[in-house]
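# A structural walkthrough
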Amino acid sequence: MRSSPTSRFRRLTALVLLLGATQVLPPSTPAAAAAPAPVAGELRTYAVDKVYSAGISSGGYMATQLHVAYSGTFSGSAVFASGPYYCAQNDLNKALNACMEVSQDLQLNMLEQTTRNWSAQGRIDDVAGLAGDPVYAFSGTSDSTVERPVVTALKDHYGRLGANVLHNQSTSAGHAWISPLGPNACTATATPFINNCGVDAERDFLGHLLGSVSAPASTPGGTLIQFDQNRYAPGGVAKPISMDDKGFVYVPTNCANGATCKVVVTLHGCKQGYSYQGFGTTFIEKAYLNEYADTNNLIVLYPQAIATATLDNPNGCWNWWGYLGDPDYARHGGKQIETIMGMVRALGGGSSSQPPSGRTLPSVDAEDGYVKAAGDGSGPSVGTLEGTYGLALGQGTDSRFNRPVLSFDTSAVPADKTITRAYVTLTRSSGSGDPWSSPAGNRLLLDVQSGCLGGCTVETTDWAATATAHGAAEIGAFTSGSKVSSDLSPAGLSAINRSGRTQIRLRFEQNQTSPAYLFVNKDTQATLTVEYQ
């Protein structure tokens, strides 16, 4: 008697596993079912109990940004070929060389600290909301676009924040979304960037996110709705933030009829958007999510990015490096994040609350500097190492004591609002010794000046000049990454100048007993965050 195809496949599987292979092809893969044609419509509210994100490449980065920034809304995330939260740090050079290739250090410690700082500042949801969340991360050995260590860093970053990460690195996949409907071979990196690797990655990641998953439908039976993204974008126009006027949502019949459902916000990668060179609904049809949506009560939201006519974003990527001048791209207030959140809320997911009003202002680099002097303040001179190491703090090897002065343009703070909170964020680049323990219990204090201490560029008299608010906040010891100050005192808040400059001087309360110092502000400008109501 001839054995059945199933039993033959099982034996082949066992043999391949014994031989140590890393990939097993199933006896067959699903045929591409006809996807429902889009129908014009609008987003409406459904009975939604949970929201997840998923994405590939730039869409993977955006999926992570949504999950981390709004962890109170998103319960987990699945990404193919992307790296850790805020990896690019608003810098295209880092995006290319640390977050795709690995020729630069992607500074995982600093990324973790930034995430925790932003959580403490309310610029993202409470980081505690990530604890226990399921996260799926996929990378293939043939992906030279986003190299494997970058995805490993995503796993590690999430792990440090307590997420439950399933890391799939078992295939030879190229740079692509992985789907049984993928038209490309597994190792390919080519349009449409959807590869068949003989695995059902959608079953795997949905099973991890949901806890269990029912088998997919053979043919999608729900409705694919094309809606207007403009109504969710700033000013009612999506194009200026590199988003299409068209978006799509797949709604199973059960969800349309009132069943409790989950939303999966699914984000295409670069060159996969609906309007990119006639790409159309290829990603929506071949992602193999609509089939699972029907049998697992999932609403799949497919937001769409577009290319810019300029060099800012010519490939229609999602904003994960700060293009078009959006410094908030990865946190509350980010233009694309808030547009997508508006869609999620329209579907019935998340809350309608808005992030607190406020401004995060970078220091004015041309006016920042530091002054060094003897312990009694005599013989002051302006420091000269800012361009090489950053702004010096503490006692240097020349036995002089260093005090930086940071200048902020606070005229953007509305005159008709009441300032409720303000704090400074510093980023350390290097140092030697522990200036906080020399002598024991030493404190790094902030003096706030309404206007400028003298001229707005640093000058020798700034070392000892009388400030408007003396010792208005302090910054605790830190050895790497970024650190947030305590909140400014009431006198410090009152010293914020809404008509021009506010300067902040950093100084240790006591002189160090031997050389011990740090440098700040070298690669990342200090910021002053001002909240108001």
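Residues numbered from 1 in each chain as written. Predicted model: local features only at pLDDT ≥ 70, side-chain atom pairs only at ≥ 80, totals over all residues. Heavy atoms only, no water.

### Re the overall build of the chain
Test applied: Strands are runs of DSSP state E lasting at least two residues, helices are runs of H or I lasting at least four, and both sets are numbered from the N terminus onward. Radius of gyration: C-alpha atoms only; globule rule: 2.2 Å multiplied by the number of residues to the exponent 0.38. Residue exposure (1.4 Å probe, protein chains only): buried if accessible area is under 20% of the type maximum, exposed if over 50%, otherwise partly exposed. Contacts between residues were defined by any pair of non-hydrogen atoms, one from each residue, lying within 4.5 Å. The Shrake-Rupley method, run with a 1.4 Å probe sphere, supplies the accessible areas, and residue values consider only the shown protein chains as cover. Within this scheme the basic residues Lys and Arg register as positive and the acidic residues Asp and Glu register as negative, but His and the chain ends are omitted. Every charge is mapped onto a representative atom, which is NZ of Lys, CZ of Arg, CG of Asp or CD of Glu.
Within the chain, the regular secondary structure consists of 11 helices and 24 strands. A compact globule built from 533 residues would reach a C-alpha radius of gyration of about 24 Å, and the chain, at 26 Å, matches this within 12%. When its C-alpha atoms are laid out on the principal axes, the chain stretches across 100 × 55 × 40 Å. Among the 533 residues that make up the chain, the fraction classed as buried is 54%. Sequence separation of 24 or more characterises 75% of the internal contacts of the chain that already satisfy a separation of 6 or more. Within the structure as shown, the chain displays about 20600 Å² of accessible surface, and the carbon and sulfur contribution to it stands at 50%. Computing the positive centroid from 36 side-chain charges and the negative centroid from 42, the chain places the two 5 Å apart.

### Side note on helix 2 (residues 58-69)
Test applied: What a helix should span is 1.5 Å times the count of its residues minus one.
For helix 2, which comprises 12 residues, the first-to-last C-alpha distance of 16 Å matches the rise-based estimate of 16 Å (1.5 Å per residue) to within 8%. With respect to burial, helix 2 is a largely interior element, 12 of its 12 residues being buried. Every buried residue belonging to helix 2 is among S58, G59, G60, Y61, M62, A63, T64, Q65, L66, H67, V68 and A69, and all of these are buried.

### Looking at the environment of I419
With respect to the helices and strands, the residue I419 is situated in strand 18 (residues 419-432). Residue classification places I419 among the buried residues on the basis of a relative accessible area of 11%. Sequence-wise, I419 and G358 are 61 residues apart; in three dimensions their C-alpha atoms are separated by 8.9 Å. Once residues within four sequence positions are removed from consideration, I419 is found in contact with V413, L493, I496, R498, V530, E531 and Y532.

### Describing the packing of helix 2 against helix 10 (residues 335-347)
Basically, it comes down to this: Every axis corresponds to a line fitted to the C-alpha atoms, with the helix fit spanning only the stretch in contact, and the corresponding angles, defined between N-to-C directions, vary from 0 to 180 degrees. Orientation categories follow fixed angle ranges, with anything under 35 degrees roughly parallel, anything over 145 roughly antiparallel, 65 to 115 roughly perpendicular, and all other angles oblique. As a working rule, the residues Ala, Val, Leu, Ile, Met, Phe, Trp, Tyr, Cys and Pro are called nonpolar, Asp, Glu, Lys and Arg charged, and the rest polar, with Gly in that last group.
As a packed pair, helix 2 and helix 10 sit with axes 11 Å apart at the nearest point and diverge in direction by 75°. With respect to each other, helix 2 and helix 10 are oriented roughly perpendicular. Residues M62, Q65, L66 and A69 of helix 2 touch helix 10, and the partners they reach there are Q336, I337, I340 and M341. Along the lines of polarity and charge, the residues of the contact of helix 2 with helix 10 split into six nonpolar, two polar and no charged.

### Comments concerning the environment of G122
Within the fold, G122 resides in the loop between helix 4 (108-121) and strand 4 (134-138). In this structure G122 comes out as partly exposed when scored by relative accessible area, which is 25%. Note: C-alpha distance between G122 and R505 (383 residues apart in sequence) is 25 Å.

### Let's talk about helix 4
End to end, helix 4 covers 20 Å across 14 residues, agreeing with the expected 20 Å (1.5 Å per residue, within 8%). The element helix 4 is largely enclosed, with a buried count of 10 among its 14 residues. Looking only at helix 4, the buried set comprises L108, M110, L111, E112, T114, T115, N117, W118, S119 and Q121. Check the buried side of helix 4 and you find it contacts helix 2, helix 5 (148-160), strand 18, strand 21 (482-484) and strand 24 (527-532). Just beyond helix 4, the residue with positive phi is G122, at close to 80°.

### Here's the deal with the pattern of salt bridges
Rules: By definition, a salt bridge exists where a carboxyl oxygen of Asp or Glu is found within 4 Å of a side-chain nitrogen of Lys or Arg.
Counted under the stated rule, the structure contains 19 salt bridges. A salt bridge links E112 to R116; the nearest nitrogen and oxygen atoms lie 3.0 Å apart. With E112 and R116 both in helix 4 and four residues apart, this pair spans about one turn of that helix. Residue D409 pairs with R501 through a salt bridge whose shortest N-O separation is 3.8 Å. Highlighted residues: D409 in strand 17 (residues 401-409) and R501 in strand 22 (residues 501-508), separated in sequence by 92 residues. What makes D409 partly exposed here is its relative accessible area of 32%. Taken together, the salt bridges that share partners define one network made up of E112, R116 and R160.

### So, the state of the cysteines
Stated formally: For this text, the term disulfide refers to a pair of cysteine sulfurs within 2.5 Å.
Inspection of every chain in the model, using the stated rule, returns five disulfides. For the chain, numbering the cysteines in disulfides from first to last along the sequence yields the connectivity 1-2, 3-4, 5-6, 7-8, 9-10.

### Here's the deal with the packing of aromatic side chains
Our working rule: Any two rings among Phe, Tyr and Trp, with Trp reduced to its six-membered ring, count as a pair given centres within 6.5 Å; such a pair is stacked if its planes are under 30 degrees apart, edge-to-face if over 60, and tilted if neither. Note on criteria: charge over ring means Lys NZ or Arg CZ within 6 Å of the ring centre, with the direction from the centre no more than 35 degrees off the ring normal.
Evaluation of the coordinates by the stated rule reveals 21 aromatic pairs. For the ring pair W321 and Y323, a centre distance of 5.0 Å and an interplane angle of 65° mean the geometry is edge-to-face. Aromatic ring contacts, followed pair by pair, group F80, Y136, F138, W177, F205, F283 and Y302 into a single cluster. Over the ring of W118 we find R331, and its NZ or CZ is 4.6 Å from the ring centre.

### Let's talk about the sheet that holds strand 3 (residues 74-80)
Definition in use: A strand pair is defined by DSSP finding two or more bridges across the two strands.
Read from one edge of the open sheet, nine strands run 1-9-10-12-11-2-3-4-5, paired in mixed fashion. The sheet is open, and its two edges are formed by strand 1 (39-40) and strand 5 (164-168), each paired on a single side. Alignment of strand 1 against strand 9 (residues 223-228), held across two bridges, turns out to be parallel. What sits directly across from V39, in strand 9, is I225.

### Concerning the sheet that holds strand 8 (residues 194-196)
Strand pairing in a sheet takes place through backbone hydrogen bonds and is either antiparallel or parallel in direction. Pairing is parallel in the open sheet, where three strands are placed in the order 6-8-7. For this open sheet the edge positions go to strand 6 (177-178) and strand 7 (184-185), each flanked by a neighbour on one side alone. The pairing of strand 6 with strand 8 spans two bridges and is parallel. Residue pairing in the sheet places W177 in a bridge with I194 of strand 8.

### Observations concerning unusual backbone geometry
Looking along the chain, the bond that leaves T191 and enters P192 is cis, with omega of 5°. In this structure, P192 sits in the loop between strand 7 and strand 8. Cis geometry marks the peptide bond from S438 to P439; its omega dihedral reads -5°. The backbone phi angle of F193 is positive, close to 60°, even though this residue is not glycine. Here F193 is to be found in the loop between strand 7 and strand 8. With relative accessibility at 16%, the residue F193 sits in the buried group.

### Some thoughts on the nonpolar core
Threshold: Grouping buried Ala, Val, Leu, Ile, Met, Phe, Trp, Tyr and Cys residues that are joined through side-chain atoms within 4.5 Å yields what is termed a nonpolar core.
With 104 residues, the main nonpolar core has W177, F205, V265 and I299 as its most contacted residues. The greatest single-element share of this core, amounting to seven residues, is contributed by helix 10.

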